[in-house]
Amino acid sequence: MLVLLGIVVVAVACASLMGHGMAALAIVAAALLTVVAEELVRTAMRAWLRTV
């Protein structure tokens, strides 16, 4: 996980140097929101399957 975080930081830093920092941050934010939504759905499905 730490290696992945390092890769993301380097990628955003390089994009910032090239003038594409905001686009890179938007993509990272969208990816993080996707992961959070997936975890929420997974938790809801576990809870639902326990009650059924």
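Here, residues in each chain are numbered from 1, in the same order as that chain's written sequence. The predicted nature of this model means local features are confined to residues of pLDDT at least 70 and side-chain atom pairs, given and counted, to a pLDDT of 80 or more, with totals for whole chains, interfaces and linings taken over all residues. Note that water and hydrogens are dropped before the side-chain values are worked out from all heavy atoms of the structure.

A word on a nonpolar patch on the surface
To keep things clear, this is the line we draw: In this analysis, a patch consists of residues with relative accessible area above 30% that form no salt bridge, clustered at 9 Å for like charges and at 5 Å for the nonpolar side chains Val, Leu, Ile, Met, Phe, Trp and Tyr. Using the Shrake-Rupley algorithm and a 1.4 Å probe, accessible areas are obtained, with residue cover drawn only from the displayed protein chains. Within this document, salt bridges are pairs made up of a side-chain nitrogen of Lys or Arg and a carboxyl oxygen of Asp or Glu, the two lying within 4 Å of each other. With a 1.4 Å probe rolled over the protein chains alone, any residue whose accessible area is under 20% of its type maximum counts as buried; one over 50% counts as exposed, and the rest are partly exposed.
A cluster of nonpolar residues, Val41, Met45, Trp48, Leu49 and Val52, forms a patch on the protein surface that exposes about 550 Å² of accessible area. Residue classification places Met45 among the partly exposed residues on the basis of a relative accessible area of 42%.

As for the pattern of salt bridges
Rule in force here: Strands are runs of DSSP state E lasting at least two residues, helices are runs of H or I lasting at least four, and both sets are numbered from the N terminus onward.
Evaluation of the coordinates by the stated rule reveals 2 salt bridges. Close ionic contact of Glu38 with Arg42 constitutes a salt bridge, the shortest N to O distance being 2.9 Å. Of this pair, Glu38 and Arg42 both sit in helix H2 (residues 21-51), separated by 4 residues, roughly a single helical turn. Across the pair Glu39 and Arg42 runs a salt bridge, and its minimum N-O distance is 3.0 Å.

Structural notes on the packing of helix H1 (residues 2-17) against H2
Note the following rule: Working convention: axes come from line fits to C-alpha atoms, limited for helices to the stretch in contact. Angles between N-to-C directions cover 0 to 180 degrees. Throughout, the term roughly parallel applies to angles under 35 degrees, roughly antiparallel to angles over 145, roughly perpendicular to angles from 65 to 115, and oblique to all others. We call two residues in contact when some of their heavy atoms are within 4.5 Å. Amino acids outside the nonpolar list (Ala, Val, Leu, Ile, Met, Phe, Trp, Tyr, Cys, Pro) and the charged list (Asp, Glu, Lys, Arg) are all regarded as polar, and Gly is one of them.
Direction vectors running N to C along H1 and H2 enclose 150°, while the axes themselves pass 7 Å from each other. The pairing of H1 with H2 is recorded here as roughly antiparallel in orientation. Here Val8, Val12, Ala15 and Ser16 of H1 come into contact with H2, specifically with Gly21, Ala24, Leu25 and Val28. Along the lines of polarity and charge, the residues of the contact of H1 with H2 split into 6 nonpolar, 2 polar and no charged.

Observations concerning the layout of surface pockets
Gaps left between atoms are located by rolling a probe of water-molecule size over the structure's atoms. What counts, and what does not: Here a cavity means grid points, on a 1 Å grid over the protein atoms only, where a 1.4 Å probe fits yet cannot get out; a pocket means an open set of points with protein on both sides within 12 Å along at least five of seven lines; lining residues are those with an atom within 4 Å of a point. Grid points are joined across faces, edges and corners, and a volume is the space filled by probe spheres set on the points.
For the largest pocket, the calculated volume is near 220 Å³. Of all elements in the fold, only H1 and H2 reach the threshold of two or more residues within the lining of the largest pocket. Broken down by element, the residue count for the lining of the largest pocket peaks at 4 residues, all from H2. Taken together, the residues of the lining of the largest pocket sort by class into 8 nonpolar, no polar and no charged.

Points about H1
Our working definition: What a helix is expected to span follows from its residue count: subtract one and scale by 1.5 Å.
Between the first and last C-alpha of H1 there are 23 Å, a value that for 16 residues agrees with the 22 Å anticipated at 1.5 Å per step. Once H1 finishes, Gly19 follows within two positions and takes phi at roughly 90°, a positive value.

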